[in-house]
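Letter by letter, the chains look like this.
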Amino acid sequence: GSDICGRGRQRKRERYDVVLIDLVDVEELPEDKEWAEYLYTTKFFQRIACSLNAFGVLVANFGEAPEFYDTATDVSMIPKEEREAISTQYTKIKQIQSMSQMFHQSRAYDVYMDSSASQMAFAIGIKPKMHLTT
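Residues numbered from 1 in each chain as written. Predicted model: local features only at pLDDT ≥ 70, side-chain atom pairs only at ≥ 80, totals over all residues. Heavy atoms only, no water.

*Asks:* Explanation requested: the overall build of the protein in the structure shown.
*Replies:* Counting secondary structure elements, the protein contains 3 helices and 4 strands. Per-residue burial for the protein yields a buried fraction of 34% across its 134 residues. Total accessible area on the protein stands at roughly 9,000 Å², and carbon and sulfur atoms take up 52% of it. (Helix = DSSP H or I, 4+ residues; strand = E, 2+ residues; numbered from the N terminus. Buried < 20%, exposed > 50% of the residue type's maximum accessible area, 1.4 Å probe, protein only. Areas by Shrake-Rupley, 256 points an atom, 1.4 Å probe, with all protein chains shown as cover.)

*Asks:* Is there a simple way to think about the packing of aromatic side chains in this case?
*Replies:* Given two aromatic rings, their pairing is described by the distance between the two centres and the angle made by the two planes. One pass over the full model with this rule turns up 3 aromatic pairs. Plain terms: the ring middles of phenylalanine 44 and phenylalanine 45 are 5.4 Å apart, the flat faces sit at 70° to each other, and that makes the pair edge-to-face. Neither residue differs from the other here; phenylalanine 44 and phenylalanine 45 are each classed as buried. On the numbers, 6.1 Å between centres and 35° between planes, the contact of phenylalanine 45 with phenylalanine 62 is tilted. Here phenylalanine 45 is found in helix 2 (residues 42–50), whereas its partner phenylalanine 62 is found in strand 2 (residues 52–64), with 17 residues between them in sequence. Here the aromatic cluster, defined as three or more aromatic residues joined through ring pairs, consists of Phe44, Phe45 and Phe62. (Phe/Tyr/Trp six-rings, centres within 6.5 Å; stacked < 30°, edge-to-face > 60°.)

Here it is as structure tokens:
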């Protein structure tokens, strides 16, 4: 229903100042990936937003940063493996956008991580829209 944060529930929920999540990278989802796919849904990010206080912050690691391709490129000329990579990266961008919709302010950025020898995508959400006054 529309009671995403459980307003109708009697028990008082604990609220957090900061939530840090290190998501399973989309490119590395396990075979039984249904449980992992939930971690990228709007509902998941809504529930995280509900767990934060009024000025709470979510910091999420989305794994390797998406690469950007020239939109004028003829897709049929791109090898199949690269087309699949583009699709995966588009999915990752949509996931970051989904998370961002739950917050009054959000920022996405990438940073080079020596440990993975690649650019990693992070997003920060500030002041959840789902905040409860109780």
